[in-house]
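Here are the chains, one letter per residue:
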Amino acid sequence: MSFGHALLQWYDQNARDLPWRFAPSPYRVWVSEIMLQQTRVETVLPYFERFISNFPDLSSLASSSQQDVLTIWEGLGYYSRARNLHRAARVILTEHNGEFPQTANELEFLPGIGTYTAAAIASIAFQEPVAAVDGNIKRVYARLLNLSLPFGSVLFEATIQDYAQSMLPPERPGDFNQALMDLGAIICRPRQPNCPACPVNQFCQAYQQGN
């Protein structure tokens, strides 16, 4: 069994029950990924539900005032994310005829969307085979490779990005990226990782070497 097959088999049985994973429209995926920037999933959950209740689609968000958006966002912090959501909604409506750009490269031109967020949206909403690599996924891959490179160094980043892209199964890129996110949150935690329960520990060089 390959790494990808083992990980996806585990994900199919253990995926976190998150509201944006049901009917994962580009809009819902985008809102969730912006909210998840620098914020834990548990914190985001009630805010996501409230946001979607008030702005159920792109046009309702774009036609609202920025103050209305900030009011609904209140308490979640990092308010530039809300401003950028509102700005990006209007850009999509006016410059893209209300249609979401479907590639990571195009998405990065929207306000508030960086490399990771663009890859996450493109892979989950549009099944573009592009690796979404955030801090949690970097940790997972660093352990799989038993990397001794300094975390965050140029060589570390390049090594992780290249490896992540090479591991991505083209038939289920969005699920694979989300499976890695869940693995990092549930099992391959920053401290006290639950290595014996890991579905891919047979591929993990750090685990095999007791590191």
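The shown structure was predicted, so the numbers you read here are calculated from the model rather than taken from an experiment.

Trainee: I'd like a description of the overall build of the chain, backed by residues and values.
Mentor: When its secondary structure is counted, the chain shows 12 helices and 0 strands. Starting at the N terminus, the α and β elements of the chain follow one another as α-α-α-α-α-α-α-α-α-α-α-α. Projected onto its principal axes, the C-alpha positions of the chain cover 55 × 30 × 30 Å. When burial is assessed residue by residue, the chain has 48% of its 211 residues classed as buried. Restricting the contact set of the chain to residue pairs at least 6 apart, pairs at least 24 apart contribute 61%.

Trainee: Go over the packing of helix H5 (residues 66–73) against helix H6 (residues 80–95), please, and point to the residues and values.
Mentor: Relative orientation of the contacting elements H5 and H6 amounts to 135°, with a least axis distance of 9 Å. It follows from the interaxial angle that H5 and H6 lie oblique. Seen from above, H5 lies across H6 with right-handed handedness. Residues Gln66, Val69, Leu70 and Trp73 of H5 form the contact with H6, whose own contacting residues are Arg81, Ala82, Arg83, Leu85 and His86. Of the residues that constitute the contact of H5 with H6, the class distribution is 5 nonpolar, 2 polar and 2 charged.

Trainee: Explain unusual backbone geometry to me, and be specific about the residues and the numbers.
Mentor: In this model, Asn97 sits at a positive phi of 55°, which is unusual for a non-glycine residue. Turning to its location among the elements, Asn97 is positioned in the loop between H6 and helix H7 (104–107). A positive phi is found at Asn146, a non-glycine position, where the angle reads about 50°. Along the chain, Asn146 falls in the loop between helix H9 (135–145) and helix H10 (154–167).

Trainee: How would you explain H10 if you had to name every residue and give the values?
Mentor: With 14 residues, H10 extends 20 Å between its outermost C-alpha atoms, agreeing within 8% with the 20 Å of an ideal straight helix rising 1.5 Å per residue. Among all positions of H10, only Phe156, Ile160 and Ala164 are buried. The buried residues of H10 occupy one face: seen down the axis, they fall within an arc of 55°. In H10, those exposed residues whose orientation departs by more than 90 degrees from the buried face are Val154, Leu155, Asp162 and Ser166.

Trainee: How would you summarise the side chain of Ser32 if you had to cite specific residues and measurements?
Mentor: Counting through the fold element by element, Ser32 comes out in helix H2 (residues 26–35). With relative accessibility at 1%, the residue Ser32 sits in the buried group.

Trainee: Which residues make up the packing of aromatic side chains, and what are the values?
Mentor: Tallied over the full model, the rule gives 9 aromatic pairs. Summarising the aromatic geometry, the rings of Trp30 and Phe100 are spaced 5.3 Å apart at their centres and angled 70° between planes, so their arrangement reads as edge-to-face. With Trp30 in helix H2 and Phe100 in the loop between H6 and H7, this pair connects stretches of sequence that are 70 residues apart. Each member of the pair, Trp30 together with Phe100, is buried. An aromatic cluster of three or more residues is present, and its members are Phe3, Phe176 and Phe203.

Trainee: Lay out the side chain of Lys138 in plain terms, naming residues and giving numbers.
Mentor: Summarising the element assignment, Lys138 is placed in helix H9. Note on Lys138: relative accessible area 17%, which makes it buried. Filtering out sequence-adjacent residues up to four positions away, Lys138 remains in contact with Val133, Phe151, Phe156, Glu157 and Ile160.

Each value, and the rule that gives it
Residues numbered from 1 in each chain as written. Predicted model: local features only at pLDDT ≥ 70, side-chain atom pairs only at ≥ 80, totals over all residues. Heavy atoms only, no water. Helix = DSSP H or I, 4+ residues; strand = E, 2+ residues; numbered from the N terminus. Buried < 20%, exposed > 50% of the residue type's maximum accessible area, 1.4 Å probe, protein only. Contact = heavy atoms within 4.5 Å. Axes fitted to C-alpha atoms, helices over the stretch in contact; angles between N-to-C directions. Parallel < 35°, antiparallel > 145°, perpendicular 65-115°, else oblique. Left-handed = near helix turned anticlockwise from the far one by under 90°. Nonpolar A, V, L, I, M, F, W, Y, C, P; charged D, E, K, R; others polar. Expected span 1.5 Å × (residues − 1). Arc of directions from axis to C-beta. Phe/Tyr/Trp six-rings, centres within 6.5 Å; stacked < 30°, edge-to-face > 60°.

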